[in-house]
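An overview of the molecular structure
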Amino acid sequence: MEVRIENTWKQALQEEFDKPYFAELVSFLHASKDAGTRIYPPGGQIFKAFDLTPLPEVKVVILGQDPYHGPGQAMGLSFSVPDGIPAPPSLKNIFKEIEDELGVRMSGRTNLESWARQGVLLLNAILTVEAGKAASHSAIGWQTFTDAVIKCISDNCSGVVFMLWGNFARSKKDLIDSGKHFVLEAAHPSPLARGAFFGCGHFATAGRLLEAQGRAPIDWKL
């Protein structure tokens, strides 16, 4: 099966693309679109996280659950929305934590592409969603695929900082070799966590861990 995705990922994940579950997933998406169902993000952005962060360049993984399901929000990067779209509550809290940890002032921009281009894989465990219906594509096969992505990073990279926020993300911990990577855990940045995310220190910690390996830290300021 031909999948349009950045070449290093395509080579690493070709076995997944060739499996029956992935063909069924693609067929489901095509059938839904043909039936007039609106799906986010647009087709060309489904693999955007991979296109902006090739496998050899992954330094940090921030794992989300599924795309935003409101109009104009989802853009293929976890937690990110296009500039000009109001920051969702979780993203606001992420920015607050960065400001508090690093003593910087965020610009109000909401597009996280600059993080992705520095090596932050902004990965949702589920890569598509039906408009207005959160988690509507949670059972069509995406989690099988993204579990393989996490395992692929664990097997093929070293010294990656995984940020796992909330119980869903933390449930992926067993896919990661903690002997060669760094796993940071915290509450989810959603307001539903009642502020438990604040003070996690993950952004400053990631910088220290990358610098200790002789790698450039992420410039989190937007």
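Everything here concerns the structure above.
Before going into details, it helps to say that this report is about the structure given with it. This one's a predicted model, so the numbers in the text were calculated from it and none came from an experiment.

Calculation rules
Residues numbered from 1 in each chain as written. Predicted model: local features only at pLDDT ≥ 70, side-chain atom pairs only at ≥ 80, totals over all residues. Heavy atoms only, no water. Helix = DSSP H or I, 4+ residues; strand = E, 2+ residues; numbered from the N terminus. Rg over C-alpha atoms; globule rule 2.2 N^0.38 Å. Buried < 20%, exposed > 50% of the residue type's maximum accessible area, 1.4 Å probe, protein only. Contact = heavy atoms within 4.5 Å. Areas by Shrake-Rupley, 256 points an atom, 1.4 Å probe, with all protein chains shown as cover. Lys, Arg positive; Asp, Glu negative; His and termini not counted. Charge placed at Lys NZ, Arg CZ, Asp CG, Glu CD. Axes fitted to C-alpha atoms, helices over the stretch in contact; angles between N-to-C directions. Parallel < 35°, antiparallel > 145°, perpendicular 65-115°, else oblique. Pairing = 2+ DSSP bridges. Salt bridge = Lys/Arg side-chain N within 4 Å of Asp/Glu carboxyl O. Disulfide = S-S within 2.5 Å. Phe/Tyr/Trp six-rings, centres within 6.5 Å; stacked < 30°, edge-to-face > 60°. Lys NZ or Arg CZ within 6 Å of the ring centre and 35° of its normal.

What to know about the overall build of the chain
- The secondary structure content of the chain amounts to 8 helices and 6 strands.
- Sequence-ordered secondary structure for the chain, helices as α and strands as β, is α-α-β-α-β-α-α-β-β-α-β-α-β-α.
- For 222 residues, the compact-globule estimate of 2.2 N^0.38 gives 17 Å, and the C-alpha radius of gyration of the chain, at 17 Å, lies within 12% of that figure.
- With respect to the three principal axes, the spread of C-alpha positions in the chain is 50 × 35 × 25 Å.
- Residues counted as buried form 50% of the 222 residues belonging to the chain.
- Looking at the chain alone, contacts between residues at least 24 apart form 68% of all its contacts between residues at least 6 apart.
- Accessible area for the chain stands at about 10200 Å²; split by element, carbon and sulfur atoms hold 50% of it.
- Side chains of the chain carry 22 positive and 24 negative charges; the gap between the two charge centres is 5 Å.

Digging into the packing of helix H4 (residues 89–102) against helix H8 (residues 202–212)
- Packing of H4 against H8 brings their axes to within 8 Å, and their N-to-C directions diverge by 60 degrees. The orientation of H4 with respect to H8, classified from their angle, is oblique. Every residue of H8 that contacts H4 at Ile94, Glu97, Ile98, Glu101 and Leu102 is listed here: His202, Phe203 and Ala204.

A closer look at the sheet that holds strand E6 (residues 182–186)
- Spatially, 4 strands are ordered E3-E2-E5-E6 in an open sheet, and the strand pairing comes out parallel. The sheet is open, and its two borders are formed by strand E3 (120–124) and E6, each paired with just one other strand. Geometrically, the sheet is characterised by an average inter-axis angle of 20 degrees between neighbouring strands, direction not taken into account.
- Where strand E5 (residues 161–165) and E6 come together, 5 bridges link them in parallel fashion.

Details of the pattern of salt bridges
- In this structure the tally under the stated criterion is 10 salt bridges.
- Asp100 is the salt-bridge partner of Lys96, the closest N and O atoms lying 3.0 Å from each other. Of this pair, Lys96 and Asp100 are both found in helix H4, 4 residues apart, which corresponds to roughly one turn of the helix.
- Across the salt bridge formed by Glu130 and Lys133, the nearest N and O atoms sit 3.3 Å from each other.
- For Glu130, a relative accessible area of 22% gives the class partly exposed.

A few points about the state of the cysteines
- What the rule picks out here adds up to 0 disulfides.
- A disulfide-free cysteine, Cys157 has its sulfur positioned 7.0 Å from the sulfur of Cys152, the nearest such atom.
- With relative accessibility at 11%, the residue Cys157 sits in the buried group.

Some details on the packing of aromatic side chains
- Here the structure, examined in full by the defined rule, presents 17 aromatic pairs.
- Measuring from centroid to centroid gives 6.1 Å for Phe47 and Trp142, while their planes differ by 75 degrees, and the two rings are edge-to-face. Here Phe47, found in the loop between strand E1 (39–40) and helix H3 (48–52), pairs with Trp142, found in helix H6 (residues 142–156); they are 95 residues apart in sequence, far enough to count as distant. Each member of the pair, Phe47 as well as Trp142, is classed as buried.
- Taking 4.9 Å as the distance between ring centres and 80 degrees as the angle between the ring planes, the aromatic pair formed by Phe203 and Trp220 counts as edge-to-face. In this pair, Phe203 is assigned in helix H8 and Trp220 in the segment after H8, connecting sequence segments 17 residues apart.
- For Trp220, a relative accessible area of 3% corresponds to the buried category.
- Every member of this aromatic cluster is reached through a ring pair, and the members are Trp9, Phe17, Tyr21, Phe22, Phe47, Phe50, Trp142 and Phe145.
- Cation over ring: Lys96 sits above Phe198, and NZ or CZ is 4.8 Å from the ring centre.

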